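# Structure at a glance
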Amino acid sequence: MKGALWEGASVLAQGSRSMSQGWEPSLGAWALAGMESEGSVAHESDVVGSGVKRDASPHDLGGDSDMNPELEELELLGQNKQLVQLNPRKKKKVVKKWRDEWAETYKWAYVAVHEGIHRIFCSVCKEYGRKHRRNPYGNEGSRNMQMSALEEHNNSLLHKEALRLQLASKDQGMGLIDRPVYIKALISKSAEFILAAVLHRDPHEGEFIQAVQEVVHSLDPVLSKIPQFVHVLERLVEPERVVIFRVPWVDDKGEAHVNRGFRVQFNQALGPYKGGLRFHPCVNLSVMKFLAFEQTLKNSLSSLNIGGAKGGSDFDPKGKSENEIMRFCQSFMEELYRHIGPNQDTPSGDIGVGPREIGYLFGQYRRLTSQYETVLSGKGVPWGSFNLRPEATGFGLVYYAKEVLADLDKDLRGLRCVVSGAGKVAMHTLEKLIAFSAIPVTISDSRGYLYDEEGFDYGKLALLRDIKLHNKSLRDYTKSYTKAKYYDDSKPWSVKCDVAFPCATQNELNHVDAMALVNAGCQIVFEGANMPCTTEAMEIFRKSKILVGPCKAANVGGVAVAGYEVVQNNSRIQWTPEEVDMKLQEIMKDIYHKSIKAANDYGFSKGNPQALVHGANIAGFLRVAQAMLEQGCV
C-alpha cells in the first residue's frame, strides 16, 4: 500500500513538472521527499519553505511512529500534493534570483524583461541565450547553456574591445554605462585611443558616445593618411563650452517649478555658434552634446561659415497654457542672453520650439539688451523670418533623396515611402514626396502609427495638419478615411515599402525595426531626424546592403536656410520663396556630391551601402579640422 501511494505521488509530481509554464529542466526541477529524479535540483529554500527534509524517509515525515499506517500514508500524500502545488511559484523567484546574481557577477551581461520574462542579455550584442545557440528544449535554455552561449563572446574581438574599454573606465574610478554601448572593432590605434578617452571621460553619456563612435570609425582611413589630424580630433570631441543653468517659472495656479537649461557651444572654428533650442522631457547633457557635435559637422558640410551648438531644456510645452510657455521662455532667456549674440551664438528652433517660443525668447532678449539684433532665427515672417524656413528640413530631405536616387537611375515617382514622426519635418517631407508623385503611406506619433495603403495626397495632408494643430490623435483620420488603419503602440517599419524616412527622434529605429524594414523590402533609408538609427540598426543595414542617407547630409536644409536668414536680416531684404527653394536644392545637391567624393577619396566605393555615411562624416570633419589646425591649439 505504501509503495503504491508513493508511486502515485511520484507520477503526480512528474505531471506537474511537465505542465509548469516556462519549465527549465536544470533550473526548476526538484525532488519529492524520499525520491531522487534524474537531472532534478532541490533548492534549500524550497525544502525549508515546505517543512520537509530532503533526505527524509516516509516514516520520518510522519513524526509519530505509532500513528495508524494508512492515516500516515494519506497525510504524506496530502503533503506531497501541497508541495507540488506550491513549488512552481517559488521556482520563479529562484530563477530571477540567480539571474540577477549571475548578471552582477559578469559585468558584460545584464538582466532585462523581454516579452514579460526576465532574460540574461549579452551587453555586446544585446541578445539573450537562445539567440546564440538553439537547444533541445525550445526555450532559452538552462543556466549552464546560457553561460556557455554568452561566453562565446569572450573570444570575439568585438566583445574584448567593449570589455577592455569598460574595465579601463572602471579602473579610473568612473562608473560603467548603465546599458553598455555597442562598441565596434577599430582599425587604427589612434582612433581606438580617442574613443577610449571619450568613454573614460563621459561613461554615462550613451547618445554622445554613439555619435562620436560613428564619426571615429569613418575617420579611421583619414587619421592613417593624415596623422596630424589625430590631435585635432582629440580636441574636436570635447565641447568648447557647456552652460547649465536653473530655469524657475510659475504656472497659472501660482505654483513654482524648476527646470534645467542647457547650451552646449561645441565648436566655433568656422564661425559663430549655430544650432537649435529643444524643449522636451528627454533633454539632458548627453543628448545636448551629441546634437551639438552632429551640428558642428553638419554646419561644416553645408559650406556656411558657422560653428556648431545646441541647447534647450527638459521643459515640456505640451499641456501648458500660452502664459505658462511665455513665462518659461522669459525665464530661460534671463540666463541664456549672457551667452549669445549675432557674432557669438545665434540659436534657432527645434523640437518644442517653434515661431511662438522663438517670439517670446526674442522679445525677452530685446528687453534685456535693448538691441534688435539677428540673434534668433525662426521668427515670424512679417518681422524677420525667412520664407520656407519651417519647410526647409523636410523639403531638403526629399531633395537629397532625389539626388541619391538619380545617381542610381531611379526616381521617386511611384515609390512607396514610410515616414515616422508627425512634426514639422515629417509633415513637410510628406508634402514634398506628394509633389514628386511618390506614395507616402505612413505617419506616426508617440502613441502609434497611421497607415493608409492608398497613400496620402494634398487633401489628406491638410486633414493631418488640422488634427495635429488641435492636438488630436492620428486615429481621428480613420473617421474620414475608413480604409486607413491606426496601430497603437507600434512603429511603421514593418509596412511594405521601397524607401524609409525616419523623422521622429534619436534612436527611434533599433535592430528589431531594422530587421522589419529589411523584411518589408526597403532599399534605402534617409534620416530626417538626428541620429534616428541605433548602431545595431546601422550594422543590420550594412550587412543587408541597404543604402543609408545620413542625417548630417540629409537634414542640413534647416540650418542652411537659417544661415541664409542671418544674411537676409543683415541686408534688410526679403527673398522670395522661389529664390529660397532654388538655393536649397543647390545646397542639397552640393552636399551629396561632396559626400560621394570624400568617400571615394578615402577608399569607400559608391557600391558600399555606408558610403554616404562615411563620406558625410569625412567631408564635414576635413573642413572644420583644417580650420582648427590653422588656428592653433586653442
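If you look the protein up in an unreviewed UniProt entry, it shows as glutamate dehydrogenase (NADP(+)) from Sphagnum jensenii. The UniProt entry for the protein carries the following comment under Sequence similarities (unreviewed entry): "Belongs to the Glu/Leu/Phe/Val dehydrogenases family."

## Section: the pattern of salt bridges
Inspection of every chain in the model, using the stated rule, returns 24 salt bridges. The shortest N-O distance in the salt bridge between Asp350 and Arg278 comes to 2.7 Å. Placement of Asp350 in the loop between β7 (345-349) and α15 (355-369) and of Arg278 in strand β5 (residues 273-279) is noted, with a sequence separation of 72 residues between them. One exposure class covers both Asp350 and Arg278, and it is buried. A salt bridge links Asp452 to Lys460, with the nearest nitrogen and oxygen atoms 3.0 Å apart. Accessibility assignment for this pair places Asp452 and Lys460 in one class, buried.

## Thoughts on the sheet that holds strand β10 (residues 442-445)
The strand order β10-β11-β12 describes an open sheet built from three strands, whose pairing is antiparallel. With partners counted over all chains shown, the strands left at the sheet margins are β10 and β12 (485-488), one partner each. Here the average twist between neighbouring strands, direction ignored, is 20 degrees. As paired strands, β10 and strand β11 (residues 448-451) are joined by four bridges and run antiparallel to one another. Residue pairing for β11: Ser444 is matched across the bridge by Tyr449.

## So, helix α20 (residues 511-519)
Here α20 has its buried residues at Asp513, Ala514, Ala516 and Leu517. Along the axis of α20, the buried positions cluster into a sector of 160 degrees, meaning they face one direction only. Set apart from the buried face of α20 by more than 90 degrees, the exposed residues are Val512 and Asn519. At its buried positions, α20 is contacted by β8 (416-420), β13 (499-502), β14 (524-526) and α21 (535-543). With a side-chain oxygen lying 3.0 Å from the backbone nitrogen of Val512, the N-terminal cap of α20 falls on Asn510. Positioned one or two residues after α20, Gly521 has a phi angle of 90 degrees, which is positive.

## Some thoughts on the sheet that holds β14
Sheets are built from strands paired through backbone hydrogen bonds, the pairs being either parallel or antiparallel. The parallel open sheet is built from five strands, whose spatial order is β9-β8-β13-β14-β15. Of all the strands in the sheet, the pair left with one neighbour each is β9 (439-440) and β15 (547-549). Across four bridges, β8 lies against β13 in parallel orientation. Pairing of Val419 across the sheet is with Phe501, part of β13. Here helix α16 (residues 392-407) sits on the sheet and contacts β13, β14 and β15; the angle it forms with β14, its principal contact strand, is near 150 degrees.

## Focus: the side chain of Lys298
Note that Lys298 resides in helix α13 (residues 285-301). In this structure Lys298 is buried but unpaired, with Glu294 as the nearest side chain of opposite charge at 6.2 Å. Polar side-chain contacts of Lys298 include one of 3.0 Å to the side chain of Asn555. Setting aside chain neighbours within four positions, we find Lys298 in contact with Asn530, Cys551, Lys552, Asn555, Val556 and Val559.

Calculation notes
- Residues numbered from 1 in each chain as written.
- Predicted model: local features only at pLDDT ≥ 70, side-chain atom pairs only at ≥ 80, totals over all residues.
- Heavy atoms only, no water.
- UniProt positions renumbered as here; feature names shortened; annotations may be inferred.
- Salt bridge = Lys/Arg side-chain N within 4 Å of Asp/Glu carboxyl O.
- Helix = DSSP H or I, 4+ residues; strand = E, 2+ residues; numbered from the N terminus.
- Buried < 20%, exposed > 50% of the residue type's maximum accessible area, 1.4 Å probe, protein only.
- Pairing = 2+ DSSP bridges.
- Axes fitted to C-alpha atoms, helices over the stretch in contact; angles between N-to-C directions.
- Arc of directions from axis to C-beta.
- Contact = heavy atoms within 4.5 Å.
- Polar contact = N/O pair within 3.5 Å; in protein donor to acceptor, adjacent residues only side chain to side chain.
- Lys, Arg positive; Asp, Glu negative; His and termini not counted.

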